[in-house]
Amino acid sequence: MRRSYGALCIVLTLLLIGGCATGEDKIGISVEIDGMEVDGLTEYQAHEKLSYHYARVLADKKLVITTTDGRTATTSADKLGVTFDYEDAVARAMSLSYLPWNGTSGRSFDVSMQIDKDAIKRELTRITAEFNSQPQDAAFRYNPRSETFFDIASEKNGTRVDIDGLVEQVSQALMRNEELSFETELTKLEAQYTLQDAQADCAMLCEFTTEFADGSLAAENRVLNIEKGAKLIDGYELEPGEEFDINAVLGARNEENGWYEAPGIVHGRYQPEYGGGICQVSTTLYNAALLARLTITERHHHSWPMGYIAIGQDATISTGGPNLRFVNSSEHAIVISALTDSDNKTLTVRIFGRDYEDGYRVELKSAKLKQLPQPDAEYKLDTNLPPNTTECYRKGRAGSVSETYIHYYDAEGELVKKELVSRDTYKPISAIYYVSEDVYYAMQYGGG
């Protein structure tokens, strides 16, 4: 009777305990998840405990990236998109029957970790952004005050972090629960355009100088026009295949545009005009363009040879009339420098760019082939002149024919070839006189 009563108590106790556990929906005894005791916890309590635990684990775990040049970037593992599937472990724990630990077999569950490589990549990209830099190409800027005529900035190489490689390292370390500390070597990004390239593109291809020191060439307004024209051209850049148009660059020569009146050739005689003397600028530029081996697309010679340049090497221009145009037929950009020297009374045009690979040195040579006789003078009646008066309106000039060649010399100074640049005919000009009536009729009909 006593034995039956004891057995009944045991059964009642087990039923009572089991009924309470089942009724309150708690995890049974002797249950661990990732080494943490969760027995007696409700599902909600287990979630809270595990969520807090893994959040603390991730927040306390630091990721440190160190570059080979000593810079560091840090973040915490909770920003890497790592998750733990503890909900599944809790669900399995809840499904166990409520049994006491018998000393030989516990009940333990492991939680799986999920790695989001895209999230890791985003965070690594963010914290290592300061390690990345874009390469900067070398650059040059024309500066006529510089001894070399250019200010040149050297290139700067860039750097880049191997993000994909770091993502793999971090992912593996997380899976193995290792320390998140890595050293990364930055990939060098080389600039495409170097200091040597810039220096090569700033080589002086040629220079040509004319003078305005003597006589009418040195007239104040004429010199002012030359200086103005030079400034408008100075520093002009011309890309390969681009055409230079001097009339377009200078604009209309008139008072509104700030030009001065100075002698210019109009209808075979000198007379004041706005921009007088500007042809010395076009002529100097023309010769420099030839020496730089550019392609001349338009050029006109004057009515007669100029005193500041060899015959056949002049280039006249006028607003709305004759023009000077040439194309940058080289494979690289060029820069035109046009500078006046007020002390030496000179205008120098230099052209900079990348030198030709053939290494030829060039010279211009021109010669007068023959002279054309001056025509007879022309006499015209001017009834407003007083008796016995003769006034010269236009001087007569003999004409001439010339040829200009460009000579190419190799490194040893030997003439390799020569090319005809132009064959120019300066037409003879008749003198024109205006005479009074008595002189005119005496010339027409004779008499005493």
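These numbers were taken from a predicted model, which means no experiment stands behind them. (Residues numbered from 1 in each chain as written. Predicted model: local features only at pLDDT ≥ 70, side-chain atom pairs only at ≥ 80, totals over all residues. Heavy atoms only, no water.)

> Sorry, what's going on with the overall build of the chain here?
The helix and strand inventory of the chain stands at ten helices and 27 strands. Over its C-alpha trace the chain gives a radius of gyration of 47 Å, far above what one expects of a compact globule, namely 22 Å for 448 residues. The dimensions of the chain, computed from C-alpha atoms along their principal axes, are 185 × 55 × 35 Å. The burial tally for the chain puts 37% of its 448 residues in the buried class. Contacts spanning at least 24 positions in sequence make up 73% of the contacts within the chain whose residues lie at least 6 apart. With the model as given, the accessible surface of the chain reaches about 25200 Å², and the carbon-plus-sulfur share is 48%. Across the chain, 44 positive and 69 negative side-chain charges occur, with their mean positions spaced 0 Å apart. (Helix = DSSP H or I, 4+ residues; strand = E, 2+ residues; numbered from the N terminus. Rg over C-alpha atoms; globule rule 2.2 N^0.38 Å. Buried < 20%, exposed > 50% of the residue type's maximum accessible area, 1.4 Å probe, protein only. Contact = heavy atoms within 4.5 Å. Areas by Shrake-Rupley, 256 points an atom, 1.4 Å probe, with all protein chains shown as cover. Lys, Arg positive; Asp, Glu negative; His and termini not counted. Charge placed at Lys NZ, Arg CZ, Asp CG, Glu CD.)

> Sorry if this is basic, but what is going on with the packing of aromatic side chains here?
Considering all chains together, one arrives at 14 aromatic pairs under this definition. Arranged with centres 4.2 Å apart and planes meeting at 10 degrees, the rings of Tyr54 and Phe84 form a pair that is stacked. Residue Tyr54 is found in helix 2 (residues 43–60), and its partner Phe84 is found in strand 5 (residues 83–84); the two are separated by 30 residues along the sequence. With respect to class, Tyr54 is no different from Phe84; both count as buried. (Phe/Tyr/Trp six-rings, centres within 6.5 Å; stacked < 30°, edge-to-face > 60°.)

> Where do I start with helix 9 (residues 278–291) in this structure?
Think of an α-helix as 3.6 residues a turn; residues three or four steps apart then line up on the same face. For helix 9, with 14 residues, the first-to-last C-alpha span of 20 Å sits near the 20 Å given by 1.5 Å per residue. With 14 of 14 residues buried, helix 9 lies mostly within the body of the structure. Arg293 occupies a position one or two residues after helix 9 and carries a positive phi of about 65 degrees. (Expected span 1.5 Å × (residues − 1).)

> Just to check I follow, could you spell out the environment of His302 for this structure?
Summarising the element assignment, His302 is placed in the loop between strand 18 (295–298) and strand 19 (325–327). Along the primary structure His302 and Gly268 are separated by 34 residues, whereas in three dimensions their C-alpha atoms are 9.4 Å apart. Those residues within four positions of His302 in sequence are excluded, and the remaining contacts are Ile265, Cys279, Thr283, Tyr308, Asp314, Ala315, Thr316 and Tyr426.

> Please explain unusual backbone geometry as it appears in this structure.
Residues other than glycine predominantly adopt negative phi, and peptide bonds predominantly adopt the trans conformation. The phi dihedral of Ser30 is positive, around 65 degrees, even though this residue is not glycine. Along the chain, Ser30 turns up in the loop between helix 1 (2–24) and strand 1 (31–33). Overall, Ser30 belongs to the partly exposed group, its relative accessible area being 25%. The backbone phi angle of Phe149 is positive, close to 75 degrees, even though this residue is not glycine. On the basis of relative accessible area, Phe149 is assigned to the buried category, the value being 15%.

> Got a minute to help me understand the sheet that holds strand 11 (residues 180–184) in this structure?
Through backbone hydrogen bonds, the strands of a sheet pair up, either in parallel or in antiparallel fashion. Spatially, three strands are ordered 4-3-11 in an open sheet, and the strand pairing comes out mixed. Both edges of this open sheet fall to strand 4 (72–76) and strand 11, since each of them pairs with a single strand only. Across the sheet, the axes of successive neighbouring strands diverge by a mean angle of 15 degrees, strand direction being ignored. Here strand 3 (residues 62–67) runs beside strand 4; their pairing, made up of five bridges, is antiparallel. Within strand 4, the position partnered with Thr66 by the bridge is Thr72. Of the strands in this sheet, strand 3 and strand 4 touch helix 4 (residues 117–127), which is tilted by about 140 degrees from strand 4. (Pairing = 2+ DSSP bridges. Axes fitted to C-alpha atoms, helices over the stretch in contact; angles between N-to-C directions.)

> Just checking my understanding: could you explain the nonpolar core for this structure?
Across soluble globular proteins, nonpolar side chains show a tendency to be buried alongside one another. Residues Ile233, Phe244, Ile246, Leu285, Phe326, Ile336 and Ile351 are the most contacted members of the largest nonpolar core, which totals 43 residues. Examining the composition of this core, we find that nine residues originate from one element, helix 9, more than from any other. What Ile233 contacts, discounting residues up to four positions off in sequence, is Phe244, Ile246, Val249, Leu250, Val281, Leu285, Ile336 and Ala338. In this structure, Val38, Leu80, Ala89 and Ala93 belong to the second largest nonpolar core, which totals 38 residues. (Core = buried A, V, L, I, M, F, W, Y, C linked by side-chain atoms within 4.5 Å.)

> How should the sheet that holds strand 13 (residues 203–211) be read in this particular structure?
One open sheet accounts for four strands, arranged 13-21-20-14; its pairing is antiparallel. Bordering the open sheet on either side are strand 13 and strand 14 (236–238), each of which pairs with just one other strand. Ignoring which end each strand starts from, the neighbouring axes of this sheet average 20 degrees apart. Pairing geometry for strand 20 (residues 334–341) and strand 21 (residues 346–353), over seven bridges, is antiparallel. Counted as the bridge partner of Ser337 is Arg350 from strand 21.

> Even after reading the chapter, I still don't get the environment of Thr346, so can you show me in this structure?
Within the element layout of this structure, Thr346 appears in strand 21. Once the C-alpha coordinates of Thr346 and Ser30 are considered, the two residues, 316 residues apart in sequence, prove to be 104 Å apart. Sequence-distant contacts of Thr346, defined by excluding residues within four places in its chain, comprise Thr209, Thr210, Glu211, Phe212, Leu339, Thr340 and Asp341.

None of this, on its own, says anything about what the molecule does.
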